[in-house]
Amino acid sequence: MAYIAIPLEVKKSGLARQQNLKKAIDESLYMLLTTPRYNNIGDPQYGFVFNNMRFEIFDEHEGVIYNSGDTIYESGIQDLYNKKISGSSKNMNTFAAELKEVVKMYEKRLDDVAVTMTYIREERLIYITVKGIISSTKEEYVFTNTLRVWK
């Protein structure tokens with residue numbers, strides 16, 4: 001089976017395809033992870049809300065984000081300022097739990113999704129790991145990526 005490749009690429013035969021299932025899921029998760037929520041007109045809920053916070057104040061010692069202005073988001077977004085950056089999706093008070101819910105919503109090829117986010121202060125990087133089971137093959141799946149922390 002062939003999957004639509006991301007980023008989208010139009011060829012003479014139509015949209016480019018990805019033959020490898022793991023790579024197709026990797027591409028899908030990368031796009032989901034790097035797209036700010038409310039940025040997609042077709043589906044405003046698509047994306048990872050952490051990217052919407054890039055202009056807020058990041059507290060390296062506490063591992064949280066502070067609201068730096070009068071930004072008004074839809075109800076429920078204000079609660080994001082109480083979430084920890086490092087943690088696992090088992091703890092609801094983390095961005096990892098937010099990412100897990102988005103992955104479950106938009107990447108239906110994965111079951112038993114678990115997410116961890118680990119902030120390494122010295123590197124100013126957040127290490128992200130998404131684990132799950134590929135629904136069609138029952139194989140274990142692992143996706144890793146990093147996000148650079150803003151100042």
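Keep in mind that this is a model prediction, so the values were computed, not measured. (Residues numbered from 1 in each chain as written. Predicted model: local features only at pLDDT ≥ 70, side-chain atom pairs only at ≥ 80, totals over all residues. Heavy atoms only, no water.)

**Description of the overall build of the protein**
Looking only at helices and strands, one finds two helices and ten strands in the protein. Put simply, the protein runs from its N terminus to its C terminus through helices and strands in the order β-β-β-β-α-β-β-β-α-β-β-β. Classification of the 151 residues of the protein by burial places 41% in the buried group. When the accessible surface of the protein is split by element, carbon and sulfur atoms take 52% of a total near 9100 Å². (Helix = DSSP H or I, 4+ residues; strand = E, 2+ residues; numbered from the N terminus. Buried < 20%, exposed > 50% of the residue type's maximum accessible area, 1.4 Å probe, protein only. Areas by Shrake-Rupley, 256 points an atom, 1.4 Å probe, with all protein chains shown as cover.)

**Notes on the pattern of salt bridges**
Any two side chains of opposite charge can pair, given that their charged atoms come close. Within the structure shown, the criterion is met by four salt bridges. E107 is the salt-bridge partner of R109, the closest N and O atoms lying 2.6 Å from each other. (Salt bridge = Lys/Arg side-chain N within 4 Å of Asp/Glu carboxyl O.)

**A closer look at the sheet that holds strand β9 (residues 125–134)**
Spatially, the four strands line up as an open sheet ordered β7-β8-β9-β10, and their pairing is antiparallel. At either margin of the open sheet sits one strand with a lone partner, and together these are β7 (87–88) and β10 (140–148). Pairing between β9 and β10: nine bridges, direction antiparallel. Residue I128 lies in a different strand from β10, and its bridge partner there is N145. Running over the sheet, helix α1 (residues 21–34) touches β8 (110–120), β9 and β10 and is turned about 35° from β10. (Pairing = 2+ DSSP bridges. Contact = heavy atoms within 4.5 Å. Axes fitted to C-alpha atoms, helices over the stretch in contact; angles between N-to-C directions.)

**A look at the packing of aromatic side chains**
Across all of its chains, the model carries one aromatic pair by this definition. Plain terms: the ring middles of Y46 and Y106 are 5.0 Å apart, the flat faces sit at 80° to each other, and that makes the pair edge-to-face. With Y46 in the loop between α1 and β5 (57–59) and Y106 in helix α2 (residues 95–106), this residue pair connects regions lying 60 residues apart in the sequence. You can call Y106 partly exposed: its relative accessible area is 23%. (Phe/Tyr/Trp six-rings, centres within 6.5 Å; stacked < 30°, edge-to-face > 60°.)

**Focus: empty space enclosed by the protein**
Following the criterion strictly, the structure yields one cavity of 30 Å³ or more and no others. Estimated volume of the largest cavity: approximately 40 Å³. L29, L32, L33, L99, V103, I128, V130 and F143 together form the lining of the largest cavity. Those elements that provide at least two residues to the lining of the largest cavity are α1, α2 and β9. Class assignment of the residues belonging to the lining of the largest cavity gives a composition of eight nonpolar, no polar and no charged. (1 Å grid on protein atoms, 1.4 Å probe; cavity = no way out; pocket = protein on both sides within 12 Å on 5 of 7 lines; lining within 4 Å. Points joined across faces, edges and corners; volume = space filled by probe spheres on them. Nonpolar A, V, L, I, M, F, W, Y, C, P; charged D, E, K, R; others polar.)

**A few points about α1**
With 14 residues, α1 should cover 20 Å at 1.5 Å per step; its first-to-last C-alpha distance of 20 Å lies within 8% of that length. Among the residues of α1, L21, A24, I25, E27, S28, L29, L32 and L33 are the ones counted as buried. Buried residues along α1 sit in contact with β1 (3–4), β4 (17–18), α2, β8, β9 and β10. Between the side-chain oxygen at the start of α1 and the backbone nitrogen of K22 there is a gap of 2.9 Å, and the oxygen is on N20. (Expected span 1.5 Å × (residues − 1). Polar contact = N/O pair within 3.5 Å; in protein donor to acceptor, adjacent residues only side chain to side chain.)

Any functional reading would require information that these geometric values do not contain.
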